[in-house]
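A structural walkthrough
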Amino acid sequence: QVQLTESGGGLVQAGDSLSLSCAASGRTFSMGWFRQAPGKERKFVAEIIWSGGTTYYADSVKGRFTVSRDNAKNTVYLQMNSLNSEDSAVYFCAARRLPGTTRRGWDYWGQGTQVTVSS
């Protein structure tokens, strides 16, 4: 069992930046970020593969968000720039043991951290 602990959420203004982090208790194949706005389904945001650092992004965040990793700390980061109100959501960290599609195959989830962007 891998435990994931997120941190870094908060309230920011539109156009601001914010960074999230997710510390994992063990190593997996990859880690990802999802977000869920009130009344909406949870959606994929980004993924990074531990070995090699390959990254994937949702179209809605490409060019604004960057996912990175620190192998020594077993920690993944999500740097979010040019935030807007549509980015407001609870952000969840996830991890999976095997490759899969962006929507399926995630084995472990964090508790979530709130990001609110005021316009």
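Our structure is the block above this text.
The shown structure was predicted, so the numbers you read here are calculated from the model rather than taken from an experiment.

Criteria and cut-off values
- Residues numbered from 1 in each chain as written.
- Predicted model: local features only at pLDDT ≥ 70, side-chain atom pairs only at ≥ 80, totals over all residues.
- Heavy atoms only, no water.
- Salt bridge = Lys/Arg side-chain N within 4 Å of Asp/Glu carboxyl O.
- Buried < 20%, exposed > 50% of the residue type's maximum accessible area, 1.4 Å probe, protein only.
- Helix = DSSP H or I, 4+ residues; strand = E, 2+ residues; numbered from the N terminus.
- Disulfide = S-S within 2.5 Å.
- Polar contact = N/O pair within 3.5 Å; in protein donor to acceptor, adjacent residues only side chain to side chain.
- Contact = heavy atoms within 4.5 Å.

**What about the pattern of salt bridges?**
The tally for this structure, following the rule as stated, stands at 5 salt bridges. We note a salt bridge from Lys 62 to Asp 59, for which the minimum N-O separation is 3.2 Å. On the basis of relative accessibility, which here comes to 65%, the residue Asp 59 falls in the exposed class. For Asp 107, the salt bridge is made with Arg 97, and the minimal N-O distance between the two is 3.2 Å. Here the residue Asp 107 occupies a position in the loop between strand 9 (89–96) and strand 10 (108–109), and Arg 97 occupies one in the loop between strand 9 and strand 10, the gap between them amounting to 10 residues. Take Asp 107: its relative accessible area is 31%, and that puts it in the partly exposed class. Put simply, Arg 35, Arg 64 and Asp 87 are held in one network by salt bridges that share partners.

**A word on the state of the cysteines**
Summed over all chains, the structure comprises 1 disulfide. Each sulfur in the disulfide pair Cys 22 and Cys 93 lies 2.0 Å from the other. Across the S-S bond linking Cys 22 and Cys 93, the dihedral sits near -85°, which makes this disulfide left-handed. Pair noted here: Cys 22 is in strand 3 (residues 18–24) and Cys 93 is in strand 9, with a separation of 71 residues, a long-range link. For the pair Cys 22 and Cys 93, one class covers both residues: buried.

**Structural notes on the side chain of Thr 75**
Locating Thr 75 in the fold gives a position in strand 8 (residues 75–80). A distance of 2.9 Å separates the side chain of Thr 75 from the backbone oxygen of Lys 73, its partner in a polar contact. Every residue in contact with Thr 75, bar those within four places of it in the chain, is listed here: Ser 21, Cys 22, Ala 23, Trp 50, Ser 68, Arg 69 and Asp 70.

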